Amino acid sequence: MTKPCIICVAITGSVPRKEDNPAVPVTIAEQVESTHAAFEAGAAICHAHVRNDDQTPSSDPDKFAALMEGVQKHCPGMIVQLSTGGRSGAGKERGGMLPLRPDMASLSVGSNNFPTRVYENPPDLVDWLASEMRKYQVKPEIEAFDLSHIHQAVAMNRDGRIPGQLYVQFVMGVKNAMPVDKDVFDYYVKTVNRLAPDAQWCAAGVGAGQVMVNEWSIAAGGHTRTGLEDNVRWDKHTLAPSNAALVARAAEICARYDRPVATPAQAREILGLRA
């Protein structure tokens, strides 16, 4: 298999804190530095959240703008993907950074359970976020926490609410949502290939399932995501030393399956993004 594999690094998220792993980058400067190291290790996409000084999640557009500026300066060509996730804000606040015109932004098209709460994505908010992404020419990354989310993304693609080629990410391993399960993973791949044969897909494993899902997606011809947002450990006994180390491990899996790691330019071409 010679299809390049796009590695996305989810650098920070909204949940991991310094107390969980001192390598979690929180300030803008830390995030830019961590992203640069991950970029050099092979990451073509930076999936980004921002935090307040007390480590709590934020949706402040000014923070996102500063992070984008730093990544674009130090990681030439890297795809910047900003999070519109529900842990960082409520309602339309979640899309306040979209006028910055990042290359991509995450889009959850349905609700599901999280460890201690319901991750609410009501249809009217989903439609508004999708319309803002169309307005500012931001490519959505569909975060599928459930099979129904794949079907909903395909329906939105067919009626034009999500134009162009779909990019769907399977998120597995969140407590109370979809577990890391190979039969489910295989069915997700089969469903995307059946309903949207021109789509690209990616997979992310949360927690202990990260490496397993990395390998499944790389072996099956998809793209993959890693990073400290999803998993702060290297193994059962050791903390992950950095985002770059997790990216390097994904790149090693690519090598085992003869999958070249996609450069940012290749990733942009695969995803239909502007150069």
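Residues numbered from 1 in each chain as written. Predicted model: local features only at pLDDT ≥ 70, side-chain atom pairs only at ≥ 80, totals over all residues. Heavy atoms only, no water.

K.L.:
Residue-level account of the overall build of the chain, with values.
P.N.:
Regarding its fold elements, the chain presents eight helices and 14 strands. Its C-alpha radius of gyration of 17 Å places the chain within 12% of the 19 Å reference for a compact globule of 275 residues. When the backbone C-alpha atoms are referred to their principal axes, the chain occupies close to 45 × 40 × 40 Å. Looking at the chain residue by residue over its 275 residues, the buried ones come to 55%. Sequence separation of at least 24 residues holds for 70% of the intrachain contacts in the chain that already meet a minimum separation of 6. Accessible surface computed for the chain: about 11200 Å², of which carbon and sulfur atoms make up 53%. Charge centroids of the chain, computed over 28 positive and 31 negative side chains, lie 3 Å from each other. (Helix = DSSP H or I, 4+ residues; strand = E, 2+ residues; numbered from the N terminus. Rg over C-alpha atoms; globule rule 2.2 N^0.38 Å. Buried < 20%, exposed > 50% of the residue type's maximum accessible area, 1.4 Å probe, protein only. Contact = heavy atoms within 4.5 Å. Areas by Shrake-Rupley, 256 points an atom, 1.4 Å probe, with all protein chains shown as cover. Lys, Arg positive; Asp, Glu negative; His and termini not counted. Charge placed at Lys NZ, Arg CZ, Asp CG, Glu CD.)

K.L.:
Now, about unusual backbone geometry: what can you tell me, with residues and values included?
P.N.:
For arginine 101, which is not a glycine, the phi torsion comes out positive at approximately 60°. Mapped onto the secondary structure, arginine 101 falls in the loop between strand E5 (79–82) and strand E6 (104–107). Under the relative-accessibility criterion, arginine 101 is labelled partly exposed at 39%.

K.L.:
Give a description of the pairing of strand E10 (residues 167–172) that names residues and reports values.
P.N.:
A large share of E10 lies buried, amounting to six of its six residues. Neither face of E10 is left uncovered, since the one carrying Tyr167, Gln169 and Val171 and the one carrying Val168, Phe170 and Met172 both have all their residues buried. In this structure, strand E9 (residues 139–144) lies alongside E10, joined through three bridges in parallel fashion. Directly across from isoleucine 142, in E10, lies its bridge partner valine 168. Each parallel crossover has a hand, and for E9 linked through helix H4 (residues 147–158) to E10 it is right-handed. Sheet topology places E10 next to strand E11 (residues 200–205); six bridges connect them, and they run parallel. In the sheet register, valine 171 faces E11, and the bridge partner there is alanine 204. (Pairing = 2+ DSSP bridges. Right-handed = clockwise from strand over helix to strand, strands pointing away.)

K.L.:
Residues and numbers for the pattern of salt bridges, please.
P.N.:
In the structure shown here, the tally under the stated rule is 11 salt bridges. Here aspartate 103 makes a salt bridge to arginine 268, at a shortest N to O gap of 3.0 Å. Residue aspartate 103 is located in the loop between E5 and E6, and its partner arginine 268 is located in helix H8 (residues 264–271); the two are separated by 165 residues in the primary sequence. Given the relative accessible area of 8%, aspartate 103 is considered buried. Among the salt bridges present, the one from arginine 225 reaches glutamate 143, with a minimum N-O distance of 3.6 Å. (Salt bridge = Lys/Arg side-chain N within 4 Å of Asp/Glu carboxyl O.)

No statement about biological role is implied by the geometric values presented.
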